[in-house]
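Residue-level structure breakdown
Here is what each chain is made of, one letter per residue.
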Amino acid sequence: MGLLLTCFAVALAALATRYVYLLLTVNQVRRTADGALIPPMLPDIVPVLGPLAGAGYLVDPLKFVLDNHARFGDIFSATVLGKTLTFVQGQDFLQSYGSATEADLSLLEAYKVMLGKLVGHDVFQKIGKEIYAALSTSRVERNMPAVVQMSVAEVEREFAAAVQQENRTIDISEFANVAVVRIAVTVLCSAETANQHGAQLAKDLNLLESDHSPLAIMTNFETALSRRRAAAKARIFQTFKDVALEHLEKLKLGLQTPEEGGFISYLIHYRFGTEKPSGKPESTTLPEFVMRDMSKEEYDETLHGLVLLLYGMVFGAHTNTVMSTVSVLLDLLQNPKTLAAVRHEASGLPDVTSTDFSLKDHVLLNEACTESWRLRSSGGLWRQVVHDGFRLGEYALHKGTLVTVNQGVVNRNASIYGGGLGDFDVSRVASSNLEVDPLTQSPSTLSSKTQALAFGFGRHVCPGRLLAYRIVGALVVTMLRYDLEVVQAPTKWMRLPTAGIDRAMGNTHIRVGKMIRS
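What you see is a predicted model; the values in this text were computed from it and never measured. (Residues numbered from 1 in each chain as written. Predicted model: local features only at pLDDT ≥ 70, side-chain atom pairs only at ≥ 80, totals over all residues. Heavy atoms only, no water.)

Points about the sheet that holds strand 14 (residues 509-515)
- Pairing is antiparallel in the open sheet, where 3 strands are placed in the order 6-14-11. Only two strands of the sheet have a single neighbouring strand rather than two, namely strand 6 (169-171) and strand 11 (482-488). If you compare each strand with its neighbour and ignore which way they point, the axes differ by 35° on average.
- Where strand 11 and strand 14 come together, 5 bridges link them in antiparallel fashion. Of the residues in strand 14, the one forming a bridge with Tyr-482 is Met-515.
- Its contacts with the sheet put helix 9 (residues 172-188) on strand 6 and strand 14, and the angle it makes with strand 6 is roughly 60°. (Pairing = 2+ DSSP bridges. Helix = DSSP H or I, 4+ residues; strand = E, 2+ residues; numbered from the N terminus. Axes fitted to C-alpha atoms, helices over the stretch in contact; angles between N-to-C directions. Contact = heavy atoms within 4.5 Å.)

Digging into the packing of helix 10 (residues 191-208) against helix 12 (residues 224-253)
- The geometry of helix 10 relative to helix 12 is characterised by a closest axis approach of 8 Å and an angle of 155° between their N-to-C directions. Judged by the angle between their axes, helix 10 and helix 12 are roughly antiparallel. Here helix 10 runs over helix 12; the crossing is left-handed.
- Looking at side-chain class alone, the contact of helix 10 with helix 12 contains 9 nonpolar, 5 polar and 8 charged residues. (Parallel < 35°, antiparallel > 145°, perpendicular 65-115°, else oblique. Left-handed = near helix turned anticlockwise from the far one by under 90°. Nonpolar A, V, L, I, M, F, W, Y, C, P; charged D, E, K, R; others polar.)

Here's the deal with the environment of Val-487
- If you trace the backbone, Val-487 turns up in strand 11.
- In the structure, Val-487 is positioned 317 residues away from Ile-170 in sequence and 9.4 Å away in space, judged by C-alpha atoms.
- Among residues more than four places away in sequence, those in contact with Val-487 are Thr-169, His-509, Ile-510 and Arg-511.

Brief notes about the side chain of Ser-77
- Examined against the element boundaries, Ser-77 turns out to sit in strand 3 (residues 75-80).
- A relative accessible area of 4% places Ser-77 in the buried class.
- A distance of 2.7 Å separates the side chain of Ser-77 from the side chain of Thr-86, its partner in a polar contact.
- Those residues in contact with Ser-77 that sit more than four places away from it in its chain are Pro-39, Pro-40, Met-41, Leu-42, Leu-85 and Thr-86. (Buried < 20%, exposed > 50% of the residue type's maximum accessible area, 1.4 Å probe, protein only. Polar contact = N/O pair within 3.5 Å; in protein donor to acceptor, adjacent residues only side chain to side chain.)

A short note on the packing of aromatic side chains
- Under the defined criterion, the tally for this structure stands at 11 aromatic pairs.
- Arranged with centres 5.8 Å apart and planes meeting at 65°, the rings of Phe-64 and Phe-87 form a pair that is edge-to-face. One end of the pair, Phe-64, is in helix 3 (residues 61-72); the other, Phe-87, is in strand 4 (residues 83-88), and 23 residues separate them in sequence. Across the pair, Phe-87 and Phe-64 agree in class, each one buried.
- With a centroid separation of 5.9 Å and 50° between ring planes, the pair formed by Phe-159 and Phe-175 is classed as tilted. Placement of the pair is Phe-159 in helix 8 (residues 144-163) and Phe-175 in helix 9, with a sequence separation of 16 residues. Comparing Phe-159 with Phe-175, the two get one shared label, buried. (Phe/Tyr/Trp six-rings, centres within 6.5 Å; stacked < 30°, edge-to-face > 60°.)

Remarks on helix 12
- Taking 1.5 Å as the rise per residue, helix 12 with 30 residues should run 44 Å; its terminal C-alpha atoms sit 44 Å apart, in good agreement.
- Those residues of helix 12 that fall on the buried side of the exposure criterion are Ser-226, Arg-229, Ala-232, Ile-236, Phe-237, Thr-239, Phe-240, Val-243, Ala-244, His-247, Leu-248 and Leu-251.
- Within two residues after helix 12, Gly-254 carries a phi angle of roughly 75°, on the positive side. (Expected span 1.5 Å × (residues − 1).)

Considering the pattern of salt bridges
- Applying the stated criterion across every chain, the model contains 19 salt bridges.
- Between Glu-154 and Arg-182 there is a salt bridge, and its shortest N-O distance comes to 2.4 Å. Taken together, the residues Glu-154 in helix 8 and Arg-182 in helix 9 connect sequence positions 28 residues apart.
- A salt bridge links Glu-156 to Arg-481; the nearest nitrogen and oxygen atoms lie 3.4 Å apart. Note that Glu-156 is positioned in helix 8 and Arg-481 in the loop between helix 21 (465-479) and strand 11, a separation of 325 residues in sequence.
- According to the relative accessible area criterion, Arg-481 is buried, its value standing at 5%. (Salt bridge = Lys/Arg side-chain N within 4 Å of Asp/Glu carboxyl O.)

Details of helix 16 (residues 336-347)
- Compared with the 16 Å implied by 1.5 Å per residue over 12 residues, the 16 Å span of helix 16 between its first and last C-alpha is a close match.
- What helix 16 keeps buried is the set Thr-338, Leu-339, Val-342, Arg-343, Glu-345 and Ala-346. Viewed along the axis of helix 16, the buried residues span an arc of 160°, placing them on a single side of the element. Pointing more than 90 degrees away from the buried face of helix 16 are the exposed residues Pro-336, Lys-337 and His-344. (Arc of directions from axis to C-beta.)

Looking at the sheet that holds strand 4
- Strand order in this open sheet of 5 strands is 3-4-10-7-5, and the pairing throughout is mixed. Among the strands making up the open sheet, the edge pair consists of strand 3 and strand 5 (105-106).
- Inspection of the sheet shows strand 7 (residues 380-385) paired to strand 10 (residues 402-406) by 5 bridges, in the antiparallel sense. Paired with Gln-384 across the bridge in strand 10 is Leu-402.
- On the sheet, helix 3 packs against strand 3, strand 4 and strand 10 and is oriented at approximately 135° with respect to strand 3.

Structural data, given as structure tokens:
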């Protein structure tokens, strides 16, 4: 027993000595053999677990990043749960980060590391030109009537049921979860698919994404929840495989015209057809479908890739779009003056059910979305260093290092947004001269400005943002036709280590009153 205590004391003394040494040397300038700078590294008393401060990253990623940027400046590194993470801010670093190619800084590989355990590594695939064309402005706009029609139907069905109840309340997160999935599946596949599978897909996707904490993402513990997630993933995959086969068979037999199948028809044409559809965003017509000759191996591989793509697109459209909807609605309902202004503007515009309805006309609502998402986007835009010696400015980074720009750091830049950055204040959006697309509330892919980062920036901008914003806008405009009241607001908004809208924790109940605009 005495020997064991002695060994423990020696080990503890060694760790303490190591930590004191690292604390004393942490601010020393370090360079590689060829003279490149090495980012300051937080002291890691136990290398596998990471720095003592790393515990703060597991609790509150944004606070951890803000505190250490204040300590080290625009770039620093930390070892957290065995992974080297490098955090950057500042316009020079952000421009280098934003313009780096996939061959140098890989978005794909980073998200395999960060989210592969939760949703499956194979879900993350390279985004080809057919995806950008399928999600182009012209194709999304063509589907806008379906988005609006589904939004109105979802809201009216759920709200009509709510007003029949004694307390007239609904959980807006649960409602948005189902509504967003059903709308997304309608656009990507068909209304029939949404009606048949939407509710179960929403349930499985919610389970799949039920824990985005850093500890869940960055560890590999086998738990009952992880096994339930695996089962949910298998059900989602099988659903989209059945749907893809059904659409493919209908196209082969001529039972469905190319234009009747939504995005999935475009993707089937591109991957299975003899004639690829135009990759130009302005092209909205598809050629007659003719199946090309394929070996069984090629057919199986192509089908598997298509199913993964559908799974990934709905996954990407799901939780962040749900939380974007919840965030905007709750912020409006809890800020009566802004709510009144948004409703007053809407009263002078065509109703959501009108063929003349356009989200672009709802300027105040667009600004409310920007401000709500500024307040709730506090995660990181991650990329992984592909090869040793990659330079980010004057700094050299090792292969495998995960590099991140934290959305919350940019979204709390007082030089852009002014003071009171923890408060919802729509006036800051108009006064900040943000260079954003009014229909996506994100910078142009060609812009060097790093602002309004809810949908990313530069090479990292979300390809589905055009569809996501229209879903959110259509749902919120439709819901605001009713007299609504917040009954239970979230107890907190959990900040994510990955990009996206913070997660509402606790109940998000609203009371539904009479329709105030029909």
